[in-house]
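# Examination of the molecular architecture
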Amino acid sequence: MALFLDIHSIEGVTAEAAAQAHAADLRTQDRYGVSYQRYWVDEDKGQVFCLVEAPSADAARAVHHEAHGLVAEAIHPVVEGA
């Protein structure tokens, strides 16, 4: 499994809305062999960042699409550091 960081631009996003979307991801992820780890919200800039362990970027994208339709603009493979 690989680790990815995705970026969403969502005008007017709130921490509460991001929490609801993340909960929907958690309910959906097992069907795709994906594990959404954490997320961060920048309400001022309208951005959400998600850290996900997945077999591919496409699998991570599929979870978002099915769970709530808020597909990321970019998904970057990342390596965890200390």
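It should be emphasised that the depicted structure is a prediction, and the values quoted were computed from it without experimental measurement.

When helices and strands are tallied, the protein chain shows 2 helices and 4 strands. Ordering the α and β elements of the protein chain from the N terminus gives β-α-β-β-α-β. Computed over C-alpha atoms, the radius of gyration of the protein chain comes to 12 Å, within 12% of the 12 Å expected from 2.2 N^0.38 for 82 residues, which places it in the range of a compact globule. Each principal axis of the C-alpha atoms in the protein chain carries an extent, and together these give about 30 × 30 × 20 Å. Expressed as a percentage of the 82 residues in the protein chain, the buried residues total 32%. Considering only contacts within the protein chain whose residues lie at least 6 apart along the sequence, 67% involve residues at least 24 apart.

What follows deals with the pattern of salt bridges. A complete count under the given rule lists 2 salt bridges for this structure. As a salt-bridge pair, E66 and R31 come within 2.5 Å of each other at their nearest N and O atoms. Placement of E66 in helix α2 (residues 57-67) and of R31 in the loop between α1 (15-28) and β2 (35-42) is noted, with a sequence separation of 35 residues between them. Residue classification places R31 among the exposed positions, given a relative accessible area of 57%. We note a salt bridge from D58 to R61, for which the minimum N-O separation is 2.7 Å. Residue D58 and its partner R61 are located together in helix α2, separated by 3 residues, close to a single helical turn. With a relative accessible area of 32%, R61 lands in the partly exposed category.

All of the buried residues along α2 are A59, A60, V63 and H64. Down the axis of α2, the sector holding all buried residues measures 140 degrees, keeping them to one side. When the buried face of α2 is taken as reference, the exposed residues oriented beyond 90 degrees from it are D58 and H65. On its buried face, α2 sits against β1 (2-9), α1, β2 and β3 (47-54). Positioned one or two residues after α2, G69 has a phi angle of 80 degrees, which is positive.

Bringing the environment of D30 into the picture now. On the secondary structure map, D30 appears in the loop between α1 and β2. Under the relative-accessibility criterion, D30 is labelled exposed at 66%. Each C-alpha atom, one on D30 and one on V63, is 9.0 Å from the other, the two residues being 33 residues apart in sequence.

What follows is about the nonpolar core. The nonpolar side chains of a soluble globular protein tend to be buried with one another. Residues F4, V34, Y36, V48, V52, A54 and A60 are the most contacted members of the largest nonpolar core, which totals 14 residues. Looking at this core, the elements that each hand over two or more residues are β3 and α2. Counting residues per element, this core draws most heavily on β3, which supplies 4 residues.

What counts, and at which threshold
Residues numbered from 1 in each chain as written. Predicted model: local features only at pLDDT ≥ 70, side-chain atom pairs only at ≥ 80, totals over all residues. Heavy atoms only, no water. Helix = DSSP H or I, 4+ residues; strand = E, 2+ residues; numbered from the N terminus. Rg over C-alpha atoms; globule rule 2.2 N^0.38 Å. Buried < 20%, exposed > 50% of the residue type's maximum accessible area, 1.4 Å probe, protein only. Contact = heavy atoms within 4.5 Å. Salt bridge = Lys/Arg side-chain N within 4 Å of Asp/Glu carboxyl O. Arc of directions from axis to C-beta. Core = buried A, V, L, I, M, F, W, Y, C linked by side-chain atoms within 4.5 Å.

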